Amino acid sequence: MKIGHRRRFGRLGAITAALAASSLILAGCGGSGGDNGSAGSGAKASPQALDAALKKGGTITYWSWTPSAEAQVKAFTDEYPNVKVNYVNAGTGNDHYKKLQNAIKAGSGAPDVAQIEYQALPQFALPGSLVDLSAYGLDSLESDYTPSTWAAVHVGDGLYGLPQDSGPMAMFYNKDVFDKYHLTVPKTWDEYIAVAKKLHQADPTKFITDDPGDPGFATSMIWQAGGKPFTTDGKKVTINFQDDGSKKWTSVWNQLVGDGSIGQIAGWTDEWYKALGDGTIATMNIGAWMPGVFESSVPGGAGKWRVAPMPTYDGQPATAENGGSTESVLKQSKNPALAAAFVRWLNNGNGIKPFLEKGGFPATVKDLNDPSFVNKPDPYFGGQPVNQVLTAAAKSVVPGWSYLPYELYANNIFGDTVGKSYLAKSDLNAGLESWQNALVKYGNEQGFEVNK
Amino acid sequence: MTVIQEGTVTAGNVVSARRTRKVAAGISPLRPRKSRLLTGLMLLYLVYTLVPLVWLVISATKTQSDLLSTSGLQFGHDFALFSNIKETLTYRNGIFLRWLGNTLLYVVVGAGGATLLATVAGYGLAKYRFPGRRVVFAVVLGAIAIPNTALAVPTFLMFSDMGLTNTVWAIIVPSLVSPFGLYLMWVYAEQAVPQELLEAARIDGAGEFRIFWTVSLRLLAPGIVTVLLFAVVSTWNNYFLPLIMLSKPNLYPLTVGLTQWSNQAQGAGADPIYNLVITGSLLTIVPLVVVFFLLQRFWQSGLSAGSVKQ
Amino acid sequence: MSALHTVSNRRRWWSHREIRGWAFVAPFLVVFALVFLAPIGYAFYLSLYREQAFFGGNTFVGAANYVDVVTDARFWDGAVRVLEFFAIQVPIMLGLALVAALAIDSGRLRAPRTFRLVIFLPYAVPGVVAVLLWGYLYGTNFGLAGDVNDLLGTAIRPLSERWMLTSIVNIVTWEFVGYNMLIFYSALRTVPEDLYEAAALDGAGPLRTVFSVKIPAIRGAIVIATIFSIIGSFQLFNEPNILRNLAPNLIDTHYTPNMYAYNLSFGGQQYNYSATVAIVMGVITAIIAYVVQLRGSREAL
């Protein structure tokens, strides 16, 4: 049987060798993330380049999930028939970022323009995957936007997009519930705690608000309290959840979580919408885009809700941003000038109007001050001109906030760390510390110098 | 069937009186009476299976606002099934139909191909004692033991290098491999195709592939049907790899498309289309039920009747 | 001399014919190598390196990733959980599937074809609707669980820590009993009628036939179904991921090893560590599956 034995080995050996060889070849092909180099069209970046590109025309691909994107693209191509825009809805939020990340890593397949939320922007800008738009002179548009959104589209010294919308937070409250239990609209957090206790004692099935543990909400609350847990300077990062702002927030929130007056229904679920509709949740401190959600998904609450400024720690107006996105140009783009021109049109030109028509909340100062926008009564909110409160909120955003360069990762592990404190209804500071430790470890592993 | 006398002891077994009467009455043990107890117990399980499905059907009859305001297992104020279906099929220029077409393509080529490859390979593993057989088994088992989530990015990069991402091949090629189908066919072939039958055919001078095609395939029919059904369902519901591979919505299969609709219905700037997600999901199941009905008569056959005498 | 000649002839003829087996298996293996082996090879390569997600810089670290995984409390937290899950869920699911298959095959069930279809249906329900579906069924404020609690006076919260594993076991069982039932059922359909006749002649009653004829005859299918279930349990991902939307603090990023690998890849771009986690888990799974296969089949496969 010597022959058979040799034959078996020979066959196996050949297969193994082939597999090994193919793996090695693939390993060689495997891209490493990061800068893929500019695939520019050769045109020099300058403000004039934008208008020239629009005149010349061309084709660009645009990835976005906003409801207004289709209308905007149509209006754009009507205005500039020379330009063809491939509008692609590649997914929402994390799905969209996953694909973008994959395409960047593979070196091809990324769009020319992509929607990126403010908290995700550093993650794409830092490794050099986005085009710095200041080369096209878009830096001069600062005065058109609110300071907080303008800061949000900068990473380091570079400008990586133009703000599309903003989400200044306000307090939405269920007036029917407040009337029924004789509650006054709180102006400070101490008043808010008192109202929470009163409500929950009167009816244990009702909650002052709902917070199952959400990283966006937690960071916004720390922001409102004046905390600045994240600072970034190139590769140097500091993370500190023991600063004054964080402590202010946890001292209030611990009380609410601890005595069970906060509901822990998961957001954006059927139960959540129903709870908003039937009075189980009495208030929501959330971004200015919420009216659209109420109107489309909370039919049971029509006429019952109103908007008031968010409670603050000292009674003076202060709020934070919760959500909002920009459009950015990818370095992989073969026509960056045309892409940049499209971004300018979207968020600083005629693209704003279709955006607002679909219910978007603007980041531009002009639109925030426009009386027809500000004073429009909203039938869902009992006729209240809610934009009065919301635009005022846009003007009282606490300045100086920045997100982590790896905020998406941070948000992903929030449940592992701070979420456990919510689950156990225990001290949020312990959860924040745990979050901080995990983030420091991750940052250092990925080549940042965190807290060093 | 010979009538066996009551009380007779045969080969160590005592034949019960009831059995004798049954045999005498022509009711053979191979065609037993229906059992009410068994049916009752199985009905309990059936109810358990049906509750979530009933939710799906009832929800598909509700309008968006009813969905968000009425209880799950009760009907809403309006019966909107047909308008939901119409809206699902026409939303965004009928992209749902496009997704349906894509899914059909992926399933016909992918599941069909997978069944073919798995059947041929499973048969080969079962009926031929070739060297390296055990290695094949070990390698395939080892490969599917590795969670596919971590293989997604390497596969993506590989396909991207080959220029296959964002093409139909990115979906079809991976779905051609059904290791579970391979094992199932292996097991079925072992049992359903007697070696003696093959020997008989070989003595008659037929070549191996001819034997496979004319003799074995018929016997494998119930197994093939099962593998085909599983391949159809899993390719139909294939979600993760298409999600990674495709960024052009007009190539999406139904699963990815529906998930996109579902995500659009949430978050800032939400589009209220939960009713489309649910109706779309119900519509997605319908073709699978049809396939099930078409294939199920093959389970009736497949007995190697009379070809070889033991 | 003629005897020797015949023996060597027969030996050569045997090996020539059996080699044809490769021709049957080859098409599958070619695609398999492309779709599975190549990415696994690449994943193995990744597991030997460490690359920084933001600044590049690929360094060879050899077995360091593996050491990290084996000492990673989060990995073992997930691994123990899937082991627990497997021990509870698989016997229940396969038991139900076997009973259902036997019942439908027995001929003693009314409307067997209806049962066959309906029990199969859960497998066909697409995952996208699962969040909405189970969100309703497990909802305690507005969902079925709440209504049942009101009816029975209980206070079961399916998405709480106490009940979470049971809730997941329930979803997976509901989804896959039909799948396994069909595996067993189609195996039962290939059992030759002669075996039943022989058993009847021996005087075997229906229950005896089940245990002495039917179950042994489909032993191969049972072993395969068990192996699939082992692999499926250890790779548990979809169902906890679905529930993560509904209970984000309880279902953390490392709830199961597969979720851990997924979140490492797509949440943190830690592709190297993710590949290592997957390979370690794969090895553990393969060993257990192989042991089951060896013990389950008397015939050496």
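Conventions adopted
- Counting starts from 1 at the beginning of each chain's written sequence and moves along it residue by residue.
- Whichever chain is written first becomes A and whichever ligand is written first becomes 1, with later ones labelled in order.
- Residue-level local features of this predicted model are given only where pLDDT is at least 70; pairs of side-chain atoms are given and counted only at 80 or more, and the full residue set underlies all totals for whole chains, interfaces and linings.
- Hydrogens and water are ignored here; the side-chain numbers use all heavy atoms of the structure.
- Per the convention used, a helix needs a DSSP run of H or I reaching at least four residues, while a strand needs a run of E reaching at least two, with both numbered from the N terminus.
- Note that the radius of gyration is over C-alpha atoms, with the globule rule given as 2.2 Å times the number of residues to the power 0.38.
- The rule is simple: take the accessible area with a 1.4 Å probe, protein chains only, and divide by the maximum for that residue type; under 20% is buried, over 50% is exposed, in between is partly exposed.
- Residues count as neighbours in contact if any of their non-hydrogen atoms are within 4.5 Å of one another.
- Each accessible area is a Shrake-Rupley estimate made with a 1.4 Å probe; only the visible protein chains count as cover when residues are assessed.
- In summary, the charge assignment counts Lys and Arg as positive and Asp and Glu as negative, without counting His or the chain termini.
- To locate a charge, take atom NZ for lysine, CZ for arginine, CG for aspartate or CD for glutamate.
- Paired rings are identified among Phe, Tyr and Trp, the last through its six-membered ring, by centres lying within 6.5 Å, and are further divided according to the angle between planes into stacked (under 30 degrees), edge-to-face (over 60) and tilted (the rest).
- In this scheme, Lys NZ or Arg CZ marks a charge over a ring once it lies within 6 Å of the ring centre and within 35 degrees of the ring normal.
- Two parts lose some accessible area (1.4 Å probe) when they are put together, and adding that loss for both gives the buried area.
- Here, a salt bridge means any Lys or Arg side-chain nitrogen found within 4 Å of an Asp or Glu carboxyl oxygen.
- We call two N or O atoms a polar contact when they sit within 3.5 Å, provided that within protein one can donate a hydrogen and the other can accept it, with sequence-adjacent residues counted only if both atoms are side-chain atoms.
- Under the scheme applied, nonpolar residues are Ala, Val, Leu, Ile, Met, Phe, Trp, Tyr, Cys and Pro; charged residues are Asp, Glu, Lys and Arg; polar residues are all the others, including Gly.
- Strand pairing is assigned whenever DSSP detects at least two bridges linking the two strands.
- A fitted line through C-alpha atoms serves as each axis, taken over the contacting stretch for helices, and the angle formed by two N-to-C directions is quoted from 0 to 180°.
- Predictor confidence is given residue by residue as pLDDT, running from a minimum of 0 to a maximum of 100.
- How far each domain reaches was decided by an automatic or database domain assignment.
- Among buried residues, the Ala, Val, Leu, Ile, Met, Phe, Trp, Tyr and Cys ones that are joined through side-chain atoms within 4.5 Å form a nonpolar core.
- In this scheme, a crossing is called left-handed if the near helix is turned counterclockwise away from the far one by less than a right angle; it is called right-handed if the turn is clockwise.

Trainee: Please provide a residue-by-residue account of the overall build of chain A, values included.
Mentor: Tallying secondary structure elements over chain A gives 20 helices and 15 strands in all. Here chain A has a C-alpha radius of gyration of 25 Å; the compact-globule value for 452 residues is 22 Å, and the two agree. Residues classed as buried in chain A amount to 58% of the 452 residues present. Sequence separation of 24 or more characterises 76% of the internal contacts of chain A that already satisfy a separation of 6 or more. Accessible surface, chain A as shown: approximately 17,300 Å² in total, 55% of it carbon and sulfur. A gap of 11 Å separates the mean positions of the 39 positive and 43 negative side-chain charges of chain A.

Trainee: Please give an account of the packing of aromatic side chains that cites residues and values.
Mentor: One pass over the full model with this rule turns up 79 aromatic pairs over all chains. With 6.1 Å between their ring centres and 50° between their planes, Y62 of chain A and Y87 of chain A make a pair best called tilted. One end of the pair, Y62 of chain A, is in strand β1 (residues 58-63); the other, Y87 of chain A, is in strand β2 (residues 83-88), with 25 residues separating them in the sequence. Here Y62 of chain A falls in the buried class, since its relative accessible area comes to 0%. Above the plane of the ring of F266 of chain C lies K98 of chain A, whose end atom (NZ or CZ) is 5.6 Å from the centre. The ring of Y255 of chain C is capped by R81 of chain C, whose NZ or CZ atom sits 4.0 Å from the centre of that ring.

Trainee: Account for the interface of chain B and chain C, naming residues and giving values.
Mentor: Counting from both sides, the interface comprises 114 residues of chain B and, opposite them, 105 residues of chain C. Interface area for chain B against chain C, summed over the two sides, is near 10,000 Å², with a carbon-plus-sulfur share of 75%. Along the contact surface separating chain B from chain C lie zero salt bridges. Linking chain B to chain C there are 17 residue pairs in polar contact (both at pLDDT 80 or more). The residue makeup of the side of chain B that touches chain C, split by class, is 77 nonpolar, 26 polar and eleven charged.

Trainee: For the side chain of T280 of chain A, give the residues involved together with the corresponding values.
Mentor: You can see T280 of chain A is positioned in the loop between α11 (270-278) and β12 (283-287). Looking at T280 of chain A, its side chain comes within polar contact range of the side chain of D278 of chain A, at 2.6 Å. In contact with T280 of chain A, other than residues within four places in its own chain, are T205, K206, F207 and A275 of chain A together with F142 of chain C.

Trainee: Any details on the sheet that holds β2 of chain A? Residues and values, ideally.
Mentor: Residue and element names in this part refer to chain A. Taking strand neighbours across the sheet as the criterion, the five strands line up as β2-β1-β3-β14-β6 in an open arrangement whose pairing is mixed. Each edge of the sheet is formed by a strand with only one pairing partner; in this case those strands are β2 and β6 (162-163). Of the pairings in the sheet, the one linking β1 to β2 comprises six bridges and is parallel in character. For T59, the partnering residue across the bridge sits in β2 and is K84. Sheet strands touched by helix α3 (residues 69-79): β1 and β2. Its angle to β2, the strand with the most contacts, is close to 170°.

Trainee: Which residues make up the pairing of strand β2 (residues 56-60) of chain C, and what are the values?
Mentor: The side chains of a regular strand alternate, first on one face of the sheet and then on the other. All names here are of chain C. Relative to β2, strand β1 (residues 49-52) runs antiparallel, the two being bridged by four bridges. Following the sheet pairing, E51 is matched in β2 by N58. The loop that links β1 with its antiparallel partner β2 comprises three residues.

Trainee: Report on the interface of chain B and chain A, specifying residues and quantitative values.
Mentor: One widely used convention gives an interface's size as the accessible area the parts lose upon coming together. With 34 residues of chain B in contact, the opposing surface of chain A contributes 29 residues. Together, the buried faces of chain B and chain A total about 2,700 Å²; carbon and sulfur atoms form 59% of this surface. If you sort the residues of chain B by the area they bury against chain A, L68, L157 and S247 of chain B come out on top, with a joint share of 18%. Our count for the contact surface shared by chain B and chain A stands at one salt bridge. Across the pair E70 of chain A and R92 of chain B runs a salt bridge whose closest N-O atoms are separated by 2.9 Å. In terms of residue count, helix α6 (residues 149-161) of chain B provides more of the side of chain B that touches chain A than any other element does, six residues in total. The residue inventory of the side of chain B that touches chain A, partitioned by class, reads 19 nonpolar, 13 polar and two charged.

Trainee: Could you give an account of the confidence of the model for chain B, with specific residues and numbers?
Mentor: Residue and element names in this part refer to chain B. Within chain B, residue pLDDT values average 81, and 85% of them lie at 70 or more. Contacts from residues 1-29, a stretch scored under 50 in pLDDT, to residues over four places away or in other chains number 20 contacts. Below pLDDT 50 for its whole length, residues 301-310 participates in 14 contacts with residues either more than four positions away or in separate chains. Prediction confidence for the complex, expressed as pTM and ipTM, is 0.86 and 0.85 respectively.

Trainee: So what's going on with the domain arrangement of chain A? Residues and values would help.
Mentor: Residue and element names in this part refer to chain A. Each assigned domain of chain A is listed here: domain 1 (47-166 + 323-369) and domain 2 (169-320 + 401-450). Measuring from the centre of the C-alpha atoms in domain 1 to the corresponding centre in domain 2 gives 29 Å. Listed per partner, the contact involves twelve residues of domain 1 and twelve residues of domain 2. Taken over both partners, the interface formed by domain 1 and domain 2 buries close to 960 Å², and the fraction arising from carbon and sulfur atoms is 68%. Considering only the surface of domain 1 that becomes buried against domain 2, Q119, Q123 and L126 emerge as the three largest contributors, covering 49% of it. Summed over the shared surface of domain 1 and domain 2, the number is zero salt bridges. The interface formed by domain 1 and domain 2 includes one residue pair in polar contact (both at pLDDT 80 or more). By residue number, the principal contributor to the side of domain 1 that touches domain 2 is helix α5 (residues 121-125), which donates three residues. Broken down by class, the residue content of the side of domain 1 that touches domain 2 amounts to seven nonpolar, five polar and no charged.

Trainee: Can you explain the nonpolar core? Please cite residues and give values.
Mentor: Counting residues in hydrophobic clusters, the biggest one holds 233 residues, and the most contacted among them are W261 of chain B together with F184 and L243 of chain C. Y181, W223, Y403 and A410 of chain A belong to the second-largest nonpolar core, a separate cluster that totals 56 residues.

Trainee: Quick one: what's the story with helix α5 (residues 130-137) of chain C, residue by residue and with numbers?
Mentor: Of all the eight residues making up α5 of chain C, seven are buried; the element is thus mostly covered by neighbouring parts of the structure. Within α5 of chain C the residues assigned to the buried category are A130, L132, L133, W134, G135, Y136 and L137 of chain C.

Trainee: Could you give an account of the sheet that holds strand β9 (residues 230-233) of chain A, naming the residues involved and the relevant values?
Mentor: Either a parallel or an antiparallel arrangement is found when strands of a sheet pair, and the pairing is made through backbone hydrogen bonds. Sheet architecture is open: three strands sit in the order β9-β10-β15 (chain A), paired in mixed fashion. The sheet is open, and its two edges are formed by β9 and β15 (449-450) of chain A, each paired on a single side.

Trainee: Any details on unusual backbone geometry? Residues and values, ideally.
Mentor: Residues other than glycine seldom take positive phi values, yet K425 of chain A does so here, at roughly 55°. Checked against the element boundaries, K425 of chain A lands in the loop between α19 (414-424) and α20 (428-445). The partly exposed category is assigned to K425 of chain A, whose relative accessible area is 41%. Of note, the phi angle at Q269 of chain C is positive, near 55°, even though the residue is not glycine. Within the secondary structure, Q269 of chain C is located in the loop between α12 (257-266) and α13 (271-296).

Trainee: Give a description of the packing of helix α9 (residues 215-224) of chain A against helix α10 (residues 244-258) of chain A that names residues and reports values.
Mentor: All names here are of chain A. Where α9 contacts α10, the two axes come as close as 8 Å, and the packing angle between them is 115°. As for how α9 packs across α10, the hand of that crossing is right-handed. For the pair α9 and α10, the contacting residues are F217, A218, M221 and I222 in the first and G245, S246, W249 and W253 in the second. Counted by class, the contact of α9 with α10 contains six nonpolar, two polar and no charged residues.

Trainee: Requested: an account of the confidence of the model for chain A, with residues and values cited.
Mentor: Across chain A, pLDDT averages 87, with 90% of residues at or above 70. Low confidence marks residues 1-42 of chain A, where pLDDT is under 50. Its contacts with residues over four positions away, or in another chain, come to 42 contacts.

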